[in-house]
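Structural description and commentary
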Amino acid sequence: RYEAALSVDAYSHATALLLSAQYLELGVGFRESLGVSLLNTDFSVQDVSLTARYQSSNETVVSVDTNGELVARGVGEATVSVRYGDQNATLFVRVTDAVASALILEPQSRSESVGAVLSYRVWAVLSDGTRKDVSARAVMRSHDPAIASVQSSGRVLARSSGTVNLFAYYMGMQAQASLTLEVRKVNDLWCTPGAVNISKGLQKRLSVDAIYEDYTTQRIEDGLDISSSDESVALASAQGVISALSVGTATLSVRYGGAVRTLTVYVNESKPTRLEWINSTASISAGMSRQFRALAYFDDGRTEEITYDALYQSSRPDLLSVQSGLLNAHATGAALITLYYGGLRLEAPVTVNTAVITSITLTPQTQLLPIGYQASVNVRALFSDGRSESLNSDLIYSSSDTSLLSVDQNGRFSMLRSGMAFLHVSYFGYRAQIPITATNATLYTVEIVPTTQYVAIGASVVYEAKAIFSDNTELDVTFDALWQSNDPQKLLIEDRQGQLVGLTRARGSVEITALYARRQAKTTLYIY
């Protein structure tokens, strides 16, 4: 864990102004809407986009209207100053001569379950070979809304079985994707965490996975029906964001696809006393992304991960921008990343270096996969300075034969029938592939490695999950299984650069569960 030059202290400034984007690179003619939020002293957030004042340093490069609508006018660099009351913020804009030459709607082909709420990304391919995510500004349509309809948010609601074509429109261009829907029974839901301890006035994001009758799983990011036994204590949105309103206990019932899972929310008066990075980094290469994660320590002895519940700012968004803890490096230099949560702040200095990607690799390099079971690959980038890093975002997966090999937008794939097909992975022009061959083996058991173990507090344990099949083959399903610790206060499980790591936080015993294809494996960790 990177510790040097980090600072934590009570954040006493009156307010701060937060922008939806801190750095933009646009082609001439592109438009972008800027969102502005006011961060209050109690860390509540207020949208002030329509009442803030905007000014461009160079109207010939980028113009901005009273609503924060940006238009790229000419090649060059400019800043957009935003003011609300006595608070100021700055957006850096670089306009290039690249023009949009094509539009891509991703994923271009997918199979999903009826009832799912699906996200798509729309990319404009520019004349300089780069791509720009224009999902927020593109218009999407369905040729048969009875099968799949497009919501006002741009997400797609899967309504009935069948195949439908989806279309995206942007700047006079059109892209198309195919969506096949089938009725699949949801047998169960898997919620992480299994119980929620949260301080009054704060929020916590709940992860929900649907477990289908064919053993496959899917992370549900929208379309959840969550009811509370006491709405004066806690509420939850359709995206799984829990809001703690008053001290007390409430039971949340999470419903999706006919399945129901309940969990208890405990709302208390505790306050965070200290923040800590889990996996901050001192250096990142230009053009790369890196997910920061963070913990909060509370005065009642609790420890909570707050990565997706905190607010972030960068001192140099033209070099390094950040959103929900995800860093995007644009140009070489140094920047200070600041996290705000519960009246505290946490800082990490980050340097953007000049190393460039030379290739991407996939592990394993070949795969035997029983029909109907899910698997995934680890994707790593190799750099010119000899380093390698695990890649988790902006990856595009595809199959050489969709009738044999099915793959979703998160890289989980399965074989549909006997045969061999190639899994293709691309990352901003870098490509790699591996052959996947189907077998007829059936699942025998799932094991967690290591088994029962004794470790000192503060130590880390690397976990793996292995699926053992009837033909005695083994499949690494570490990142295909659903993991849970029965006491996150003692053990926090995280993905750290392609390894599943358990971080010990307090003494005692913890039971760890891994679920794969409706088979559970358990192990116990004793922390002394």
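These numbers come from a predicted model, not from an experiment.

1. Observations regarding the overall build of the chain
Each helix and strand counted, the chain has 0 helices and 60 strands in total. Taking 2.2 N^0.38 as the reference for a compact globule, 528 residues should give roughly 24 Å; the C-alpha atoms of the chain span a radius of gyration of 24 Å, in line with that estimate. Projected onto the principal axes, the alpha-carbon positions of the chain cover approximately 70 × 55 × 50 Å. Relative to its full complement of 528 residues, the chain shows a buried share of 49%.

2. Let's talk about the nonpolar core
Core analysis: the biggest nonpolar cluster contains 149 residues, and Leu339 and Tyr516 have the highest contact counts within it. The contacts of Leu339, once residues within four sequence positions are left out, are Leu275, Trp277, Ala294, Ile306, Ala310, Leu311, Tyr312, Leu344, Arg345 and Leu346. In terms of nonpolar packing, the next biggest core, distinct from the first, is built from 5 residues, Ile278, Leu295, Val501 and Leu503 among them.

3. Observations regarding the environment of Val449
Its place among the elements puts Val449 in strand E52 (residues 443-449). Separated by 61 residues in the primary sequence, Val449 and Ser388 place their C-alpha atoms 25 Å from one another. When near neighbours in sequence (up to four residues on either side) are disregarded, Val449 contacts Val462, Tyr463, Glu464 and Lys466.

4. What to know about the pairing of strand E15 (residues 121-126)
Among the 6 residues that make up E15, 5 are buried, leaving the element largely enclosed by the rest of the structure. Note that E15 and strand E16 (residues 131-133) share 3 bridges and pair antiparallel. Residue Ala124 lies in a different strand from E16, and its bridge partner there is Lys132. As consecutive antiparallel partners, E15 and E16 are separated by 4 residues, and within that stretch Gly129 has a phi angle of approximately 90°, a positive value.

5. Section: the sheet that holds strand E18 (residues 148-150)
One open sheet accounts for 3 strands, arranged E14-E19-E18; its pairing is antiparallel. Every interior strand has two partners, whereas the edge strands, strand E14 (117-118) and E18, have only one. In this structure, E14 lies alongside strand E19 (residues 156-158), joined through 2 bridges in antiparallel fashion. The partner of Leu118 across the bridge, within E19, is Val156.

6. Things to note about the packing of aromatic side chains
Given two aromatic rings, their pairing is described by the distance between the two centres and the angle made by the two planes. Counted under the stated rule, the structure contains 5 aromatic pairs. Residues Trp277 and Phe292 carry aromatic rings whose centres are separated by 5.0 Å and whose planes lie at 65° to one another, so their mutual orientation is edge-to-face. Here Trp277, found in strand E32 (residues 272-277), pairs with Phe292, found in the loop between strand E34 (289-291) and strand E35 (294-298); they are 15 residues apart in sequence, far enough to count as distant. Summarising the burial analysis for this pair, Trp277 and Phe292 share the class buried. An angle of 80° between the planes, with centres 5.2 Å apart, marks the rings of Tyr373 and Phe469 as edge-to-face. Note that Tyr373 is positioned in the loop between strand E43 (367-370) and strand E44 (374-375) and Phe469 in strand E54 (residues 460-469), a separation of 96 residues in sequence. Given the relative accessible area of 10%, Tyr373 is considered buried.

7. Looking at a nonpolar patch on the surface
A cluster of nonpolar side chains, Tyr454, Tyr526 and Tyr528, forms an exposed patch at the surface whose accessible area comes to about 380 Å². Mapped onto the elements, Tyr454 comes out in strand E53 (residues 453-455). Overall, Tyr454 belongs to the exposed group, its relative accessible area being 58%.

8. Concerning the pattern of salt bridges
If you walk through the whole model with that rule in mind, you get 18 salt bridges. In this structure, Arg219 engages Asp209 in a salt bridge whose closest nitrogen and oxygen atoms are separated by 3.0 Å. Residue Arg219 is found in strand E26 (residues 217-219), and its partner Asp209 is found in strand E25 (residues 207-212); the two are separated by 10 residues along the sequence. The partner of Glu474 in a salt bridge is Lys466, and the shortest N-O contact between them spans 3.9 Å. Residue classification places Glu474 among the exposed residues on the basis of a relative accessible area of 53%. Salt bridges here are not isolated pairs; linked through shared partners, they connect Lys204, Asp300, Arg302, Glu304 and Asp309.

9. A word on the environment of Gly76
As for its placement among the helices and strands, Gly76 is situated in strand E10 (residues 76-84). Sequence separation between Gly76 and Val28 is 48 residues, and the spatial gap between their C-alpha atoms is 9.8 Å.

10. Some remarks on unusual backbone geometry
Geometrically, the link from Thr363 to Pro364 is a cis peptide bond, its omega value of 0° lying close to zero. Positive phi outside glycine occurs at Met171, with the angle close to 50°. Structurally, Met171 can be placed in the loop between strand E20 (162-170) and strand E21 (173-182). We note that Ser324 has phi near 55°; this positive angle belongs to a residue other than glycine. Mapped onto the elements of the fold, Ser324 is located in the loop between strand E38 (320-323) and strand E39 (326-329).

11. Here we look at the environment of Gly372
Tracing the chain through its elements places Gly372 in the loop between E43 and E44. On a C-alpha basis, the gap between Gly372 and Leu263 in space is 30 Å, while along the polypeptide they are 109 residues apart. Excluding its chain neighbours within four sequence positions, the residues that come into contact with Gly372 are Asp214 and Met415.

12. Some details on the side chain of Ser243
Among the secondary structure elements, Ser243 is positioned in strand E29 (residues 241-244). On the basis of relative accessibility, which here comes to 19%, the residue Ser243 falls in the buried class. In terms of polar contacts, Ser243 uses its side chain to reach the side chain of Gln203, at 3.0 Å. Residues contacting Ser243, with those up to four places away along its chain left out, are Leu202, Gln203, Val233, Ala234 and Leu235.

Calculation criteria
Residues numbered from 1 in each chain as written. Predicted model: local features only at pLDDT ≥ 70, side-chain atom pairs only at ≥ 80, totals over all residues. Heavy atoms only, no water. Helix = DSSP H or I, 4+ residues; strand = E, 2+ residues; numbered from the N terminus. Rg over C-alpha atoms; globule rule 2.2 N^0.38 Å. Buried < 20%, exposed > 50% of the residue type's maximum accessible area, 1.4 Å probe, protein only. Core = buried A, V, L, I, M, F, W, Y, C linked by side-chain atoms within 4.5 Å. Contact = heavy atoms within 4.5 Å. Pairing = 2+ DSSP bridges. Phe/Tyr/Trp six-rings, centres within 6.5 Å; stacked < 30°, edge-to-face > 60°. Patch = residues over 30% accessible without salt bridge, like charges linked within 9 Å, V, L, I, M, F, W, Y side chains within 5 Å. Areas by Shrake-Rupley, 256 points an atom, 1.4 Å probe, with all protein chains shown as cover. Salt bridge = Lys/Arg side-chain N within 4 Å of Asp/Glu carboxyl O. Polar contact = N/O pair within 3.5 Å; in protein donor to acceptor, adjacent residues only side chain to side chain.

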